[in-house]
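A look at the structure
As a plain string of letters, each chain reads:
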Amino acid sequence: MLKLLHTADWQIGKLFGQFTPDVAALLAEARFETIERLAQLATQRGVDLVLVAGDVFDLQGVADRTLYRLFKAMTGFAGPWVVIPGNHDAALAESVWTRALRLKAIPDNVMPCLQPQPVLLESPGVAVLPAPLTQRHTYTDLTEWFAGAETPPGMLRIGLAHGCVQGLLAADIDAANPIAAGRAAQARLDYLALGDWHGARRIDERSWYAGTPETDRFRNNDSGHALLVELAAPGGVPQVEAVATGRYHWHSLEPVLQVPSDLTELVQRLAAFAANDVVNLSVSGRIDLEGHRRLHSAIEQARGTARGVLVDLTGLQLDPSVQDIESLQADGYLGLTIQELRAAQDGPNAALARDALVLLTGLLSDRRAAAARTRP
Amino acid sequence: MKLTRIRIEQFKQFRQALEIDGLAPGLNIFTGPNEAGKSTIAAAIRAAFFERHRSGSVGDLRPWGDSSASPKITLEFQTRKQHYRLTKSFLGSRRCELEAGTLRLDGAEAEDHLASLLRYEHAGKGASKAEHWGIPGLLWIEQGRTQELREAVAYAADHLSAALNESLGEIAGTGGDEVLATIEAQRNELLTPSSGAARGAYAEARRHETALAGQIRTLTERIDVYRHNVDTFASMRQAHASDEAGKPWESLRKRQHEAEESLKAITGMQQALNTDRQRAAELDERLGLLRAQLEAFDNEVQDLTRRREARDAAMQLQASAAEQVRQWQEKNAQALLRDTRARAAARLARQEHARHALNREAREARAKVAELAAMLAKADAQLASRLALQAQAAASEISSQDLERLRRQADRRRELRIQQQAAATRMHFVLAQDCVIHLGEEILSGEGERLLIEPASLALPGLGTLQITPGGMDLAQLEREAARCEEQHAALLRHLAVDSLEAAQERHDQYRQLGADIKSADMTLKALAPQGIDELRARLLKHQARAADIDTALGKLPPAPAMIAGAAPGIISGAISGAPSEAPIPGVEDAEAEEEASRHALEQFAQALNQAQLAAAGAHHVLESAQHELARAQALFEAPQRADRIREVNQQLTDTRAERSALDERIHQRTLAIEQARPQILEQDVDRYRRSAEQQEKQFRERREALLRLEVELQSAGALGLEEHRAELERDHTQALRRVEELQQRAAALDYLLILLREKRSTLTRRLRAPLQKHLDHYLQLLFPQAHVQIDENLSPGMLTHTDGQGTGGGDFESLSFGAREQIGLISRLAYADLLKEAGNPTLIILDDVLVHSDEARLVRMKRILFDAATRHQILLFTCHPERWRDMGVTARDLDMLRRQT
């Protein structure tokens, strides 16, 4: 019986510029921590080997400290790590891998497969057929050779590839690095460990994408996992278990505010976010000044608790109520200006008008608050 | 507001109390001369309202020199249908009381109530100043300050605005301007006020973003280069591996060696061919030699024949040359003979010719001698006769001057005689017959006449003597002169040895004739011997000597030949006569021509002879040589072994030809073989394969080195972590860009808001100003029909435009004339008063000596305006020109009168 951990798309070296610097730093740091957790998981579960299906690095030209840092993070599992390069860290003539080898940064139990040659591991009795990318993009199926590869009888045949299984994934996925559907069956593989797709995904009973172990974008679902695979004997159906490994949960919210309760619901949702949540909020609809204040304070609170909150309010229209205006005591030409700005939100300068309105009403309510403080 | 009573005590000029009562609700005019206290009344009203009763700085309110006085003012007035009584005293007894119906206020409370009622402020400390006066400051016009409007309006601005807002019945906004200022300040933190360019944090964010973008660009370029190098490295490495496995240069080397082998075989064949060709050349040379030998034998026979012929020809030539010499010798002898004869004939001809010439000269010389002798004789005779004439002339010489003198003397004498006769006493007498008288010695008878020039005695016979003395001295003088003249004449005649003038004349003529004769004789002599007789004589002697010489020469000549005609026929034809004839001897020229011809002929022949002799000698030499050559050829031809030698040579020729023919065939075969092998192409092949192999090896070596270099390069570049660095920069750039966008959005919103606020404010202000404009226009039309004045932001009058007959004109308030500013200043204040009244504020207008700068026409209009205003407001007008305000429908109060009454 063979037990292995299948993971991929670590994207080490990826940075998160869309967030504030402190958040960006934490998210980048989290990727190393996840690798440490993977090693722990492998050790805890007593796996025979770990398969990493490409894109270990997000970039070829990573700094030396990043290299050392990564391989250090992998030391938690002393068993064999069989790794292939993906499109981000392809095995070029000079690559992050050649550099790591030259620096002797790679531990002995980590086996980067830079050539399409079978890797035979005697003790668990497994032959790994790797399909490393040797170019940034290729349009030939690098797993083609699997079928013709002879492996010692009795050994499990496991394919390791990085690319896009044809005909299954959405059309907007880059068509480069194709992998023929049904490759596992055709090449008599017991299991085909795939990388490139960032969510965990089953292609067929023997072919799986592990997805990235730490979510790195808002789009993909089912990311933040590694696959624990058990193979009883050659020819048997693999038992696959998705184990959650990610720390951060990435949420994308696009609420439309129509009625007051919409805002209440949004405020509650925002309040529910915790320290490991990363949030992208894009609000549209209409809101009065009081509502705007509430929303603003809810967002600020969420920023305090959640790991990162991206906010886009360009779709939101500010619509001060009669009470708003009365409470602002905006008389004279200030009142006229507010009226005009309200109306202008339907015109070509909608965003500008809204920003101006927020500014003006904010200033007025600050003044009112200041006046209220000095009055007694 | 209507003042009804004013009482002033111990106040400045008014040491005594002054009370003014029964003030009219409209216009009140107070008159009085300067220093009468008009302005003091106005000052009292001001002090009552503006100065705190506790103020210590109002000492100037006391009458001058009265330090113990307590200035006191009592005012009664009515406003908002309420009667007020204000009593205020300063300094000595400080007091302030305000009564209004049941309301009684004291001290500061009373003062503050008044301030809010009339809308002004009190000074915090010290005396009240213009900036505290508010509305009253605008309506209570001090002397000479009507035109100074702007400040007063500024100090009243808040009260005015409040009044305007109230009148508009609408709220203009509380603190709107403060918000506007805040927005503007915030906007100007991000954008420059004038151009709207980024500044401050916004500009800084943009700079930061641009700098990051630049760094990313630079880094991207480096990464692109790096990636390109990686690809190059991969392809080079593949090519290197392929070469290392295939070693393509080895097959090239093999083919090079094959070509070299082929070339070597061809080279051997080429050498054999060269040997053959060398042998063929030797044989060709030998054949030539043999043929030449045979030809030499043939030539010997031909030479013998030729030599014989040559000798014969030489002999013939020699004979003909000898004949020529002989002929020329003969001709030469004849020519010599002819030349000798011709020379003799010519000599004789010249001799006779000379003789003939001498004879003729002798004749001529003798004729000349005879001629000259005759001439000499004649000349001698002539000379003798001339000498005789000369002697004769010398004897009879009388000069022309002398003759002239004589003539003049004679003339004078005659002239004197005529004068004597004219002056003389004419005595005419007619005597009787036979009667005589004696005049001096003379006896006179008959009839006659005598001139008496000197005293004379006339004896009358028988009668006595008459002593007659001619009258005058002149006659006597004339007589004396005549006598002197006569003496001189006689003396000259004597000197000239003549006895009369006629004789002198005759002699002079004779002398002249002799002179002419001498001249004639001289002429003749000159013709005969132009250079003198001696020369003539010398010539004669010369010719005589020449004649003698010629005779001597003739004597020396040989005798003339008697008969030489036969020797030279035709030469001296004249000599046939046999005598040395007179005729010239012809033929000298002919004889000399013959002489020349014969000499020439002789020379010619001698030369021809010489040449002929030379030719003969040459011919002889040729002959000798030909004979010699012939002998030699003959000897050669007749030599022994000659036939054997000819046979032997012929045999050798046959053998050599056979060998040469065989060699030709072999050369042909070999040449053909070499051509077919194409050695040049083979050489090119060798070169080509060799170079290709070298090229391949070189390329391989160079690529191996380049690979090493590139590998090192890539390794060091890779160690820089360029892409990670770029990712970091991109992260920072995204953040910077976000900040720029935020600030840009904020700046745009602030800018937009500022513009909008200003626009709204401007609209509202325009609407607020409208009522004031209405009131101002009302008065302005009375002052300047067709004029319009704008009201600016500060509610002050601004641009004035008016249309008159000349068109549209105008200008800013400040640029108007003093008079016009005063007028506009006044009507503006009246307009404010109207506005304030409409808003329910109390209005009181105090005018201290206004409109003194207005002309009559304007004053008339201003009076209409004031009268109109007085229907709505109480106006206190102080003037020192009562006559100007008589037409205002009210009685002016005289201040002096008032003071007396009080």
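Residues numbered from 1 in each chain as written. Chains lettered and ligands numbered in written order. Predicted model: local features only at pLDDT ≥ 70, side-chain atom pairs only at ≥ 80, totals over all residues.

1. A look at the interface of chain B and chain A
Spelled out, the test is: Distance between backbone-placed C-beta atoms decides contact: two residues are in contact if it is within 7 Å. In DSSP terms, a helix is any run of H or I states spanning at least four residues, a strand is any run of E spanning at least two, and both are numbered starting from the N terminus. When residues are grouped by polarity, Ala, Val, Leu, Ile, Met, Phe, Trp, Tyr, Cys and Pro land in nonpolar, Asp, Glu, Lys and Arg in charged, and all others, Gly among them, in polar.
Of the residues lining the interface, 37 residues belong to chain B; the matching set on chain A comes to 33 residues. Among the secondary structure elements, those contributing two or more residues to the side of chain B that touches chain A are α5 (176–190), α6 (200–246), α14 (679–718) and α15 (722–783) of chain B. The element contributing the most residues to the side of chain B that touches chain A is α15(B), with 20 residues. Looking at the side of chain B that touches chain A residue by residue, the class counts come to 19 nonpolar, 10 polar and 8 charged.

2. Side note on the UniProt feature "coiled-coil region" (unreviewed entry) in chain B
Inclusion rule: UniProt positions are given in the numbering used here, feature names are shortened, and annotations may be inferred rather than shown by experiment.
Mapped onto this structure's residue numbering, the UniProt feature "coiled-coil region" (unreviewed entry) falls at residues 280–307, 341–382 and 690–746 of chain B. Along residues 280–307 of chain B, the helical share is 100% and the strand share 0%, with 40 Å between the first and last C-alpha atoms.

3. Remarks on the environment of Leu830(B)
Residue and element names in this part refer to chain B. Heads up, the rule is: Residues with at least 20 other C-beta atoms within 10 Å of their own are called buried, those with 12 or fewer are called exposed, and the rest are partly exposed. The C-beta atoms themselves are positioned from the backbone.
With respect to the element layout, Leu830 can be found in helix α16 (residues 818–838). Residue classification places Leu830 among the buried positions, given that 25 C-beta atoms sit within 10 Å. As a C-alpha pair, Leu830 and Leu866 span 36 residues in sequence and 8.4 Å in three-dimensional space. If near-sequence neighbours (up to four positions away) are discounted, Leu830 is found in contact with Tyr779, Ile865 and Ala869.

4. Points about the sheet that holds strand β7 (residues 103–106) of chain B
Residues and elements named next belong to chain B. We count it as follows: Pairing between two strands is assigned when DSSP locates at least 2 bridges connecting them. To get an axis, fit a line to the C-alpha atoms, keeping to the stretch in contact for a helix; angles then go from 0 to 180 degrees between the N-to-C directions.
If you trace the 6 strands from one edge of the open sheet to the other, you get β2-β1-β4-β5-β6-β7, paired in antiparallel fashion. Edge positions in the open sheet fall to β2 (18–20) and β7, since each of these has one partner strand only. Between one strand axis and the next, the sheet turns by 10° as a mean value, whatever way the strands run. As judged from the 8 bridges shared by strand β4 (residues 72–79) and strand β5 (residues 82–89), these two strands associate in the antiparallel manner. From the neighbouring strand, Ile73 faces β5, where its bridge partner is Lys88.

5. Focus on unusual backbone geometry
A positive phi angle is found at Asp55(A), which is not glycine, with a value near 55°. Following the sequence through the fold, Asp55(A) ends up in the loop between β2 (49–53) and α2 (64–73). Look at Lys247(B): it is not a glycine, yet its phi comes out positive at around 45°. By the secondary structure assignment, Lys247(B) is in the loop between α6 and α7 (248–395).

6. What about the environment of Gly587(B)?
Residue and element names in this part refer to chain B. Residue placement: Gly587 occurs in the loop between α11 (533–556) and α12 (588–637). For Gly587, a count of 22 C-beta atoms within 10 Å puts it in the buried group. For Gly587 and His353, which are 234 residues apart along the polypeptide, the C-alpha to C-alpha distance reads 9.2 Å.

7. Comments concerning the confidence of the model for chain B
All names here are of chain B. To keep things clear, this is the line we draw: Note on scores: pLDDT gives the predictor's confidence for each residue, bounded by 0 and 100.
Here chain B averages 84 in pLDDT, and 95% of its residues register 70 or above. Confidence, expressed as mean pLDDT per element, reaches its minimum in chain B at strand β17 (residues 807–812) with 70 and its maximum at α6 with 91. Scored as a whole, the predicted complex attains pTM 0.53, and scored at its interfaces, ipTM 0.82.

8. Points about the sheet that holds β2(A)
All names here are of chain A. Spatial strand order, β4-β3-β2-β1-β13-β14: 6 strands in an open sheet with mixed pairing. Strands with a single pairing partner mark the edges of an open sheet, and in this sheet they are β4 (110–112) and β14 (239–244). Neighbouring strand axes in the sheet, compared pairwise and without regard to direction, differ in orientation by 20° on average. Taken together, the 3 bridges between strand β3 (residues 81–84) and β4 define a ladder with parallel strand orientation.

9. Concerning the pairing of strand β14 (residues 464–468) of chain B
For a regular strand, the rule is simple: side chains alternate between the two faces of the sheet. Residue and element names in this part refer to chain B. Alignment of strand β13 (residues 456–460) against β14, held across 5 bridges, turns out to be antiparallel. By the bridge assignment for β14, Ala456 is matched with Ile468. Between β13 and β14, which pair antiparallel in sequence order, lie 3 residues; one of them, Gly462, sits at a positive phi of approximately 80°.

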